[in-house]
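Reading the structure
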Amino acid sequence: MLDSLYPASDRGNRFVMVYFCGGFGLTMGPLVGGSLSSDGAFIPCLLAALALAGCFALVMMFLRDSEAEFSKLEPLAPHVKDQQTLLSLASLVLVSA
């Protein structure tokens with residue numbers, strides 16, 4: 001999706017940001033969540049997650065510089081017919097359940 005939103009000259013920077021943020025979030029998320037809930041209370045973790053999600057949503061709404069339109073959405077049926085993709089989706093659903 002990033003390759004359709006950004007020109008080739010800016011695409012590398014965007015991919016680096018996405019992959020860095022994903023790795024950073026997967027690394028720091030359990031550490032921060034574990035430290036917030038170390039006393040056994042889940043409420044601080046929930047409030048912190050909601051506050052971070054709200055801040056991220058506000059930043060994305062106000063600082064969005066791209067005017068991308070998603071008028072043409074591809075159907076998922078051709079992608080799900082592939083056996084490897086179906087196996088990947090099934091494994092993701094089973095792992096997350």
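Note: the structure precedes this text.
Treat the numbers as computed from the prediction; the structure is a model and nothing was measured.

**With respect to the overall build of the chain**
Within the chain one finds five helices and zero strands. For the chain, the α and β elements follow one another from N to C terminus as α-α-α-α-α. Residue burial in the chain is summarised as follows: out of 97 residues, 3% are buried. Total accessible area on the chain is roughly 8,500 Å²; 71% of this is exposed by carbon and sulfur atoms.

**Let's talk about the packing of aromatic side chains**
Scanning the model with the defined rule gives two aromatic pairs in all. A centroid spacing of 6.2 Å and a plane angle of 15 degrees characterise the contact between Phe15 and Tyr19, whose relative ring orientation is stacked. In this pair, Phe15 and Tyr19 are both assigned in helix α2 (residues 8-36), four residues apart and thus about one turn of the helix distant.

**Some words on helix α5 (residues 83-96)**
Because each turn of an α-helix spans 3.6 residues, side chains separated by three or four positions in sequence point in the same direction. Across its 14 residues, α5 extends 20 Å between first and last C-alpha, which sits within 8% of the 20 Å expected from 1.5 Å per residue. Little of α5 is tucked away: zero of the 14 residues are buried.

**Here we look at a nonpolar patch on the surface**
Together, Phe20, Phe24, Met28, Leu31 and Val32 give the surface a local cluster of nonpolar side chains, amounting to about 490 Å² of exposed area. Mapped onto the elements, Met28 comes out in helix α2.

Parameters and conventions
- Residues numbered from 1 in each chain as written.
- Predicted model: local features only at pLDDT ≥ 70, side-chain atom pairs only at ≥ 80, totals over all residues.
- Heavy atoms only, no water.
- Helix = DSSP H or I, 4+ residues; strand = E, 2+ residues; numbered from the N terminus.
- Buried < 20%, exposed > 50% of the residue type's maximum accessible area, 1.4 Å probe, protein only.
- Areas by Shrake-Rupley, 256 points an atom, 1.4 Å probe, with all protein chains shown as cover.
- Phe/Tyr/Trp six-rings, centres within 6.5 Å; stacked < 30°, edge-to-face > 60°.
- Expected span 1.5 Å × (residues − 1).
- Patch = residues over 30% accessible without salt bridge, like charges linked within 9 Å, V, L, I, M, F, W, Y side chains within 5 Å.
- Salt bridge = Lys/Arg side-chain N within 4 Å of Asp/Glu carboxyl O.

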